[in-house]
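Listed below, chain by chain, are the residues.
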Amino acid sequence: TNPDPELLRHLTAEAGFANSPAYAGSIDWQRRHRGAVSLALLSQFVPNQGDAWSFTLDNLDRSYGHALALRSKLDALEPTPNVIAPIGPDAVPLAIRDFIGPIYAEMVDLLGQRTGELHLALASLSQNPDVTPEPFSLLYQKSLYQSIRGLVLKVFGELDRSLRTLDPETAGRLGGVLAARKTILSRLAPVLGKKITTLKIRTHGDYHLGRVLYTGKDFVIIDFEGEPARSMTERRLKQPALRDVAGMIRSFHYAACGNLILRAAKLGADVEYLKQWADLWYSYVSGIFLHAYLQTVAGSPVVPTDVGECQTMLQVFLIEKAVYELGYELNNRPDWLMIPIRGIEQIIR
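Residues numbered from 1 in each chain as written. Predicted model: local features only at pLDDT ≥ 70, side-chain atom pairs only at ≥ 80, totals over all residues. Heavy atoms only, no water.

A. Quick look at the pairing of strand E1 (residues 23–31). Relative to strand E2 (residues 35–43), E1 is paired through eight bridges, and the arrangement is antiparallel. Within E2, the position partnered with Arg 31 by the bridge is Gly 35. Turn length for the E1-E2 hairpin, with the two strands adjacent in sequence and antiparallel, is three residues, and the turn residue His 33 shows positive phi of about 65 degrees. (Pairing = 2+ DSSP bridges. Helix = DSSP H or I, 4+ residues; strand = E, 2+ residues; numbered from the N terminus.)

Rendered as structure tokens:
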């Protein structure tokens, strides 16, 4: 069973969630004694102006142009926050808000709200055991820790063997990340502590800016099939909602840094100056998104009720996602390795 028609059907018929395409029908192949195979899905057509990734890159072009215009007018930049933390749009310093752009800041706030509403809708499902939420357990927390720890050790082993094939700057920065292996693993340890009060729910599973359509005034969340590299069984497992949140936050980082890589190819010299602005954009945009999300799910067990547990789990999933990205970029786009490297540097700093 493919999770895309499965979840769209439940979101439409059971939850009445309005910000994903309405389910219209599907075709399954029912095999004797072996269960169904999903063949086709029919869903609502959503008029749109492209995905949120393209919308974000267009806005980053405007933001970086704004930053370049300020180059000779600013004595110093605002300090970059040390951690991704929720911040309301009105609390963002005025200079940073002008840099991000008030319209984009408003839309990121809305995206956080829509993400929270999605998770509340998924947490409300109860008509089928395959989609009904389940509480966390200490056994699950141990399994979660072992899974992420195994990923870190596997990817870091691959990186150790590949250092000599990389350019000197990337290899040097990557060497610093590899040297922080114990620190990174220690950041996972709190998952093994006391029982975390939250739920496992069916999640999007591959949540990033490319999985959201921008309609011009709202967002519609699409493509619930999960990560293509995982088996169908894995994609249908219930997960902590904060895994989706971490995926979107890492997507903001990719947008900010990826735009710089594209600019470097076209424009060159201004990139070093813009890196400081990229860090500010990523930190504040992620904070706006997180603030709206947490406000939307407040009072629900979708996220841990304890603020410290919530922050700890988010950091664990940010580490997991960035380490996964290291392995992916090493094998597919070595020129983009610096993005997850910078992401991990910021997390452990």
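B. Expanded view of the packing of aromatic side chains. According to the stated counting rule, one finds eleven aromatic pairs in the structure shown. Geometrically, the ring pair formed by Phe 55 and Tyr 104 is tilted, given 5.5 Å between the ring centres and 40 degrees between the ring planes. Residue Phe 55 is located in helix H2 (residues 52–69), and its partner Tyr 104 is located in helix H4 (residues 102–123); the two are separated by 49 residues in the primary sequence. Residue Phe 55 shares its accessibility class with Tyr 104, and that shared class is buried. Consider the rings of Phe 136 and Tyr 140, whose centres lie 5.0 Å apart with planes at 75 degrees: the pair is edge-to-face. Judged by its relative accessible area of 14%, Tyr 140 falls in the buried class. (Phe/Tyr/Trp six-rings, centres within 6.5 Å; stacked < 30°, edge-to-face > 60°. Buried < 20%, exposed > 50% of the residue type's maximum accessible area, 1.4 Å probe, protein only.)

C. Representation of a nonpolar patch on the surface in the model. Taken together, the side chains of Ile 27, Trp 29 and Leu 39 make up a nonpolar region of the molecular surface, amounting to roughly 350 Å² of accessible area. Looking at where Ile 27 falls in the secondary structure, it is placed in strand E1. (Patch = residues over 30% accessible without salt bridge, like charges linked within 9 Å, V, L, I, M, F, W, Y side chains within 5 Å. Areas by Shrake-Rupley, 256 points an atom, 1.4 Å probe, with all protein chains shown as cover. Salt bridge = Lys/Arg side-chain N within 4 Å of Asp/Glu carboxyl O.)

D. Focus on the pattern of salt bridges. Counting across every chain of the model gives 21 salt bridges. Between Arg 202 and Glu 6 there is a salt bridge whose closest N-O contact spans 2.8 Å. Linking Arg 202 in the loop between strand E4 (199–200) and strand E5 (212–214) with Glu 6 in helix H1 (residues 3–15), this pair joins segments that are 196 residues apart in sequence. Under the relative-accessibility criterion, Arg 202 is labelled buried at 1%. You can call Glu 6 buried: its relative accessible area is 4%. Arg 236 is the salt-bridge partner of Glu 6, the closest N and O atoms lying 2.7 Å from each other. Of this pair, Glu 6 sits in helix H1 while Arg 236 is found in the loop between helix H8 (232–235) and helix H9 (242–266), placing the two residues 230 residues apart along the sequence. Look at Arg 236 and you get partly exposed, because its relative accessible area is 24%.

The values are spatial; any link to function lies outside them.
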